[in-house]
Amino acid sequence: MISMKGSIKLMNRKSNLINIGFIIAWCLTLFLYIAIPLKNEGIMKLIYYSYYIVHTGLFVYIIVSIVKRKRIVRYLLGDYICVVGIIVAIVFSAILTPGDFTLELQFANVLSYLSMIFSIININYIKLTNKTMSFLLIINVMIAFVFIGLSLSDYAYSGIIKSSLYLGYANPNATGIYLFLSVCFLTIFFRRADSFKLKIFLGVICLYLMYLIWLTDSRTCIFTGAAVLLLSLIHKEFRVKKWMIVFVTCIPVIFLAGYTYLYAHRYFIDLTIFGKPFYSGRETYFLSVLERVKGNLLFGNIKSFPFNNTHNGSLAILASSGLAGEFFYYVFILRNLFRISEHAKKGVAQIAFAAILTLYLHASSEAAVLIGGANYSIIVSSLFMVARGNGESGYE
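Let us look at the structure shown here. (Residues numbered from 1 in each chain as written. Predicted model: local features only at pLDDT ≥ 70, side-chain atom pairs only at ≥ 80, totals over all residues. Heavy atoms only, no water.)

1. Focus: the overall build of the chain
Piece 1. Secondary structure assignment for the chain yields 15 helices and 2 strands.
Piece 2. Going through the 396 residues of the chain one by one, you find that 56% of them count as buried.
Piece 3. Considering only residue pairs separated by 6 or more positions, the chain has 76% of its internal contacts joining residues 24 or more positions apart. (Helix = DSSP H or I, 4+ residues; strand = E, 2+ residues; numbered from the N terminus. Buried < 20%, exposed > 50% of the residue type's maximum accessible area, 1.4 Å probe, protein only. Contact = heavy atoms within 4.5 Å.)

Laid out in structure tokens, this is it:
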């Protein structure tokens, strides 16, 4: 076992390959945003499995390197233990629940979920440099222009709900998430930019993407996107306390309990928010999922709920891997958030950290960002990297 200081050489040996994987994953994200509206299933499957290969392959490479050298970065040991716990919970869920475990659905969804976990670990082996930040700026501007192009095309309102923006994607909520994540990164670069022209350029793009989010009618994305934008204008140094981190990450659990309780007692039945009913139909689905897994609470039911979108991040993890999987997930994520909170006190690191926390607000009504998915893994892990900065000094 080696210390933080002694880990630098070990990390640098792996960094070249992991940097390549990092670039590939972001390029796949760009291609995916273009491919989905084209509705080419073959290309999309190729991109999805390429993601899983990149994230899982790099994680396996790191594990093999650790075993061969018989050395491990001390502060990551707990993360690896959590990964083992998560995998064990999934295996027990697969063994103890009836039904078939298919390669096409369950196994692919498990890989998708684990890709998120693996990517957050893998990103620790990438040093945040000016070149890395320049790459992130370029790729995210390119992604933003894909969205802008789609908004000006026939794909804009191509869905069932004609009044909501789709951009050719599955539904307005998915479109809202894609746009929100793009806003997060562009806001980071808006704060970092020294050039007035670059600030204006990025500011205009951010505002236009926020306008597109408004057109999706995705209430959570409107709220979280506005919160990140407003934070970018605040230049005051502050550190988020640990109890606040725990509270925010538990918001999906609190929302799940509170929302279903209010519905069961018929509160706010006639309430509307942004023209939409307070109860969207998710409340009955939440209750249905909880009813189906209550007999398998310890390990969940991976065969019936293979990390699919239950419209609540914590519920998705509970339904798929039970209380055991939920416990190890939260220990893993809190370890990482506590660690990077030491450095995310100002500048772009502060914005990236805030963006991560807003993901848990969003996870109250959508599970996708927490349980992974092709593009989410590299985007979320990159936010962790920017929030982490380069150690004690952070990244300005």
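Past the structure itself, the notes keep going.
2. Focus: helix α10 (residues 251–264)
Piece 1. Helix length check: α10, at 14 residues, gives a terminal C-alpha distance of 19 Å against a target of 20 Å (1.5 Å per residue), a fit within 8%.
Piece 2. For α10, the full list of buried residues reads I251, P252, L256, Y259 and T260. Viewed end-on, α10 has its buried residues packed into an arc of 145°, placing them on one side of the element.
Piece 3. Tucked into the core, α10 has its buried residues touching α9 (242–249), α11 (282–293), α12 (313–341) and α13 (347–362). (Expected span 1.5 Å × (residues − 1). Arc of directions from axis to C-beta.)

3. Things to note about unusual backbone geometry
Comment: phi is negative for the bulk of residues other than glycine, and the bulk of peptide bonds are trans.
Piece 1. Within the chain, K39 stands out as a residue other than glycine whose phi angle is a positive 60°.
Piece 2. Residue placement: K39 occurs in the loop between α1 (7–38) and α2 (41–69).

4. With respect to the packing of α10 against α11
Piece 1. The interhelical angle for the contact between α10 and α11, taken along N-to-C directions, is 110°, at an axis separation of 9 Å. Considering their axes alone, α10 and α11 lie roughly perpendicular with respect to each other. Only R282, E283, T284, F286 and L287 of α11 make contact with α10, whose side of the interface consists of F255, L256, Y259, T260 and Y263. (Axes fitted to C-alpha atoms, helices over the stretch in contact; angles between N-to-C directions. Parallel < 35°, antiparallel > 145°, perpendicular 65-115°, else oblique.)

5. Looking at the pattern of salt bridges
Piece 1. The full count for this structure, using the stated rule, is 3 salt bridges.
Piece 2. Ionic pairing is found between D79 and R335, a salt bridge with its closest N-O pair at 2.9 Å. With D79 in helix α3 (residues 77–96) and R335 in helix α12, this pair connects stretches of sequence that are 256 residues apart.
Piece 3. Among the salt bridges present, the one from E291 reaches K294, with a minimum N-O distance of 3.0 Å.
Piece 4. Shared partners join several salt bridges into a network, and the residues in it are D79, R335 and R339. (Salt bridge = Lys/Arg side-chain N within 4 Å of Asp/Glu carboxyl O.)

6. What about the side chain of T216?
Piece 1. The residue T216 is located in helix α7 (residues 196–216) in this model.
Piece 2. Judged by its relative accessible area of 1%, T216 falls in the buried class.
Piece 3. Reaching out from T216, the side chain makes a polar contact with the backbone nitrogen of S218 at a distance of 3.2 Å.
Piece 4. For T216, the residues in contact, after removing those within four places along its chain, are S164, L165, P172, T175, G176 and L179. (Polar contact = N/O pair within 3.5 Å; in protein donor to acceptor, adjacent residues only side chain to side chain.)

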